[in-house]
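Examining the three-dimensional arrangement
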Amino acid sequence: MGGNAAANMKYEALVPDTIKKPKPDSTIEERSDFIRRKYEMQQFLDSTLQTAMVLPSPTSTKQSNTNSGLLHDKKNFEKQATTSRIHGLGQAFRYSWRRKETENKSSKKTNSTNNNNNNNNNTSPGMVEFVGLIKVNIVRGTNLAVRDVMTSDPYVILTLGQQSMKTRVIKSNLNPVWNERLMLSIPDPIPPLKLQVYDKDTFTTDDHMGEAEIDIQPLVSAAKAYENSTITESMQLGKWLATKDNTLVKDSIINLVDGKVKQEIVLKLQNVERGVLQIELECVPLSQ
């Protein structure tokens, strides 16, 4: 699911004030009661929040080149089994902290070549370091392209690095309202957030209905800057201006609201005749 931070954000989202999370000195009974409430009865669960699936990393440059292209990315996603849901990310989180500790203890006299060699020897394929979590609310689509004679059955694939998630399909609707909340881990270096819209077909290949790409670096930077802030009132942290050179329908504002760094974006889909997508982003640094 993306490590402890991502799992707790979902399974401990609604812990009431009357229930305290067990501490190291808590009794076995207290631990057992909390664990059953959290995982078995799922009393604190935020069921609206979905977590990411990791796409397989190519094992060679040749394979990477072969896997390029929007259609192939979609097919790769569709082939993922539900049982493969993000076991590797938990290992990645644990590895990232071990690597940081190792690097901090390394001698300053060690030259950069030796450091690179050591990192290469200790790093397993697919290991990724993460800097935070991003919640994405796919709000709605407007005036989407027609792919089924008179209408379409649209859904959205969301991709960040090697993670990918998919919204539900909305039947026969060119103005679908998803209001679907998805959560992914943010890798370092930070890649763009990619969105692809498709029309679901039962007997043929799903039709492409446009795509978009979002630079989330400003949002992550703002979240890091204000993660330890004591500011309680809402305030604007930044603005992404809509111009003829970008895909924004209107200016996108990064706001601090109730201690959370959020951004609302309305953008035009690319490589398609028409269509607008509205989404909401929230960045959560790992330290939180």
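Our subject is the structure listed above.
Below or above, wherever it landed, is the structure these notes cover. Computed from a prediction, not measured in an experiment: that's the story for all the values here.

Counting its regular elements, the chain contains seven helices and 12 strands. Out of the 288 residues belonging to the chain, those deemed buried represent 39%. Expressed as a percentage of contacts within the chain between residues at least 6 apart in sequence, the contacts between residues at least 24 apart total 64%. Counting only carbon and sulfur atoms, one obtains 48% of the accessible surface of the chain, whose full area is about 16,700 Å².

Looking now at the packing of aromatic side chains. Two descriptors summarise a pair of aromatic rings, namely the distance from one centre to the other and the angle between the planes of the rings. Considering all chains together, one arrives at three aromatic pairs under this definition. Where Tyr11 meets Tyr39, the ring centres are 5.7 Å apart and the plane angle is 45°; that geometry is what we call tilted. Here Tyr11 is found in helix α1 (residues 4–11), whereas its partner Tyr39 is found in helix α2 (residues 28–40), with 28 residues between them in sequence. Using a relative accessible area of 43% as the deciding quantity, one classes Tyr39 as partly exposed. Ring geometry for Tyr155 against Tyr198: centres 6.0 Å apart, planes inclined by 25°, an arrangement best described as stacked. On the criterion of sequence distance, the pair formed by Tyr155 in strand β4 (residues 154–160) and Tyr198 in strand β7 (residues 193–199) is long-range, its members being 43 residues apart. Like Tyr198, Tyr155 is buried.

Time to look at the pairing of strand β12 (residues 276–285). Extensive coverage of β12 is indicated by the burial of seven of its 10 residues. In terms of strand pairing, strand β11 (residues 260–268) meets β12 through eight bridges, oriented antiparallel. Across the sheet, the residue bridging to Gln263 is Leu281, located in β12.

As a rule of thumb, nonpolar side chains are buried together in soluble globular proteins. Counting 39 residues, the largest nonpolar core has Ile134, Ile138, Leu195, Ile214, Ile216, Leu277 and Leu281 as the members making the most contacts within it. Counting residues in hydrophobic clusters, the runner-up holds six residues, among them Met9, Leu49, Leu133 and Val284.

Across the sheet, which stays open at both edges, the seven strands sit in the order β1-β6-β3-β12-β11-β10-β9 with mixed pairing between neighbours. Two strands bound the open sheet, and with one partner strand each, they are β1 (49–51) and β9 (235–240). Across the sheet, the mean angle separating the axes of adjacent strands is 25° when strand polarity is ignored. The strands that α1 touches are β1, β3 (129–142), β6 (177–188) and β12; relative to β3, the one it contacts most, it runs at about 45°. Against the sheet, helix α7 (residues 217–225) engages β3, β6, β9, β10 (252–257), β11 and β12, with an angle of about 35° to β12.

Here the focus is the pattern of salt bridges. Inspection of the entire model under this criterion finds eight salt bridges. Measuring nitrogen to oxygen at the nearest pair gives 2.8 Å for the salt bridge that ties Arg147 to Glu273. Pair noted here: Arg147 is in the loop between β3 and β4 and Glu273 is in the loop between β11 and β12, with a separation of 126 residues, a long-range link. Between Asp206 and Lys200 there is a salt bridge, and its shortest N-O distance comes to 3.9 Å. Classification of Asp206 as buried rests on a relative accessible area of 8%.

Conventions we followed
Residue positions are counted from 1 within each chain, in the order its sequence is given. Only residues with pLDDT of at least 70 get local features here, since the model is predicted, and only at 80 or more are side-chain atom pairs given and counted; chain-wide, interface and lining totals rely on the full set of residues. Only hydrogens and water are set aside when side-chain values are computed; all heavy atoms of the structure are taken into account. Secondary structure elements are defined from DSSP: runs of H or I of at least 4 residues count as helices, runs of E of at least 2 residues count as strands, and each element is numbered from the N terminus. Any residue under 20% of the maximum accessible area for its type is buried, any over 50% is exposed, and the rest in between are partly exposed; the area is computed with a 1.4 Å probe on protein chains only. Two residues form a contact once any of their heavy atoms are found within 4.5 Å. Using a 1.4 Å probe, accessible areas were evaluated by the Shrake-Rupley method; residue-level cover was limited to the displayed protein chains. Only the six-membered ring of Trp is used, alongside the rings of Phe and Tyr, when aromatic pairs are assigned; centres must lie within 6.5 Å, and planes under 30 degrees apart are stacked while those over 60 apart are edge-to-face, with the rest tilted. The pairing criterion for strands is at least two bridges between them, as found by DSSP. In this text, buried Ala, Val, Leu, Ile, Met, Phe, Trp, Tyr and Cys residues form a nonpolar core when linked through side-chain atoms within 4.5 Å. Lines fitted to C-alpha atoms define the axes, with helix axes restricted to the stretch in contact, and inter-axis angles between N-to-C directions lie between 0 and 180 degrees. Any Lys or Arg side-chain nitrogen found within 4 Å of a carboxyl oxygen on Asp or Glu counts as a salt bridge.

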